[in-house]
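# Structural characterization, general
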Amino acid sequence: MSEFTVKFRGTRGSHPVAAGNKLKYGGNTACVEIRANGHTIILDAGTGIIEAGNDLVKSHIASGTNIENRNPIQALILFSHSHLDHIQGLPFFKPLYIKSSKLCIFGGKTHGKDYQQLLSDMVFGSVFPVELSEIAADTKFYDFKETDAIVLNPDSDIPQLIRFDKEKEIILDEKAVVITCMKCNAHPKAGVLVFKIRCNGKTLVYATDKEDYIGGDIQTVNFSRGASMLIHDAQYTMEDYISPVSPKQGFGHSTIEMAIETAKQANVSQLILFHMDPAYDDNLLEKLEEKARGIFQNAMFARENLEINLMQVKCKV
Ligand SMILES: [Zn+2]
Ligand SMILES: [Zn+2]
């Protein structure tokens, strides 16, 4: 069966929000869950990963009657970068504490530290009762770079990391899932990884926490050209971005207009505006969404628990 679905588990930028007038679009921080030909791929571990983990545990328990005969939880977790709103949910991700779970964690080297060390220092140890080294799951860590592709082959649980020169040169089983990344330095202080996931002839690009330029960002345009879906940072309105009282230029986030400009130039089929400012309530986001659709018809803000079947997104090219 050809499967490629996206579920938004956390949509909010910077910090979680709990106010009732902000929950239509979501209060949890960045986390996107993808199901691709039997593989589970989780992008970022903001607080949205907590519910994703709870659901994985529920399915695991329902899959058998005892520890021996239940299907193990298997997932890849990819980190775009190490800011708190992208890692803070990880210690509360319950599959970490189940011995049969098999987790593969990918992140880029940050400030010279590998990702395992970085998570160990930032969300375990002195800020959490458990050390990373004490978690029960079978967890493997990988350093992910622009020159590598993660390949998930059908009928194999082990991701393959391959080096490549040109993306077109990667020729694989047609049911394989291929993940590549692009390093973007337009986010303080250590930059961010933008991910591209290809599966069943469809392409998803996840470009959060990056500041575009007025008039578009050619690097991201080239990376996401013709994608079925582009999930793009759209934290600010242009008014807030250039506000004389509190300007946001240089904070490493895009305006809604910048995200649209990049989506247009890349000719993507669908644009999901993501990582919304925690100060923006549902009322404002509804208005901004309507305005965005007037410029780019297939644009919408991400909403927590929104699920989209990418196999049904009609590609423009
Ligand atoms: Zn963020
Ligand atoms: Zn960030």
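Our structure's up above, just so we're on the same page.
Fair warning: this is a prediction, and the values are worked out from it, not measured in the lab.

With respect to the secondary-structure elements, S228 resides in the loop between α4 (218–224) and β12 (229–233). Here S228 falls in the buried class, since its relative accessible area comes to 1%. For S228, the residues in contact, after removing those within four places along its chain, are K202, T203, S269, Q270, L310, V313 and C315.

This part covers the pairing of strand β11 (residues 202–207). Every other side chain in a regular strand lies on the same face of the sheet, so the side chains alternate between the two faces. Counted residue by residue, β11 has six buried out of six residues, so it is predominantly covered. Covered by surrounding structure in β11 are K202, L204 and Y206 together with T203, V205 and A207, the residues of both alternating faces. Alignment of strand β10 (residues 192–199) against β11, held across five bridges, turns out to be antiparallel. Within the sheet, the bridge partner assigned to I197 lies in β11 and is L204. Linkage of β10 to β11, two consecutive antiparallel strands, is achieved through a turn of two residues, within which N200 is found at a positive phi near 50°. Sheet topology places β11 next to β12; four bridges connect them, and they run parallel. Counterpart to A207 in the pairing with β12 is H232. Running through α4, the crossover from β11 to the neighbouring parallel element β12 is right-handed.

Let us now look at the nonpolar core. The tendency in soluble globular proteins is for nonpolar side chains to be buried side by side. By size, the foremost hydrophobic cluster in this structure holds 35 residues, and its most contacted members are I34, I41, L78 and I231. Broken down by element, the residue count for this core peaks at four residues, all from β10. Leave out the neighbours within four places in its chain, and I231 touches V6, F8, V32, L204, V205, Y206, A207, T208, I272 and F274. Membership of the second largest hydrophobic core comes to 32 residues, among which are M182, C184, V268 and A299.

For the zinc ion (ligand 2), the full set of protein donor atoms is H81 (NE2), H83 (ND1), H187 (NE2) and D209 (OD), at a range of 2.2 to 2.4 Å. The site at the zinc ion (ligand 2) holds four donor atoms, and with the angles between them running 90 to 172°, its shape is irregular. Linear spacing of the donor residues for the zinc ion (ligand 2) on their chain is H-x1-H-x103-H-x21-D. A spacing of 3.6 Å is found between the zinc ion (ligand 2) and the zinc ion (ligand 1), which share D209 as a donor. Residue classification places H81 among the buried positions, given a relative accessible area of 5%.

Rules and cut-offs
Residues numbered from 1 in each chain as written. Chains lettered and ligands numbered in written order. Predicted model: local features only at pLDDT ≥ 70, side-chain atom pairs only at ≥ 80, totals over all residues. Heavy atoms only, no water. Helix = DSSP H or I, 4+ residues; strand = E, 2+ residues; numbered from the N terminus. Buried < 20%, exposed > 50% of the residue type's maximum accessible area, 1.4 Å probe, protein only. Contact = heavy atoms within 4.5 Å. Pairing = 2+ DSSP bridges. Right-handed = clockwise from strand over helix to strand, strands pointing away. Core = buried A, V, L, I, M, F, W, Y, C linked by side-chain atoms within 4.5 Å. Donors = N, O, S within 2.8 Å, 3.2 Å for Na, K, Ca; no water. Tetrahedral: all angles 85-135°; square planar, octahedral: opposite > 155°, others 65-115°.

Honestly, it's all geometry; don't read function into it.
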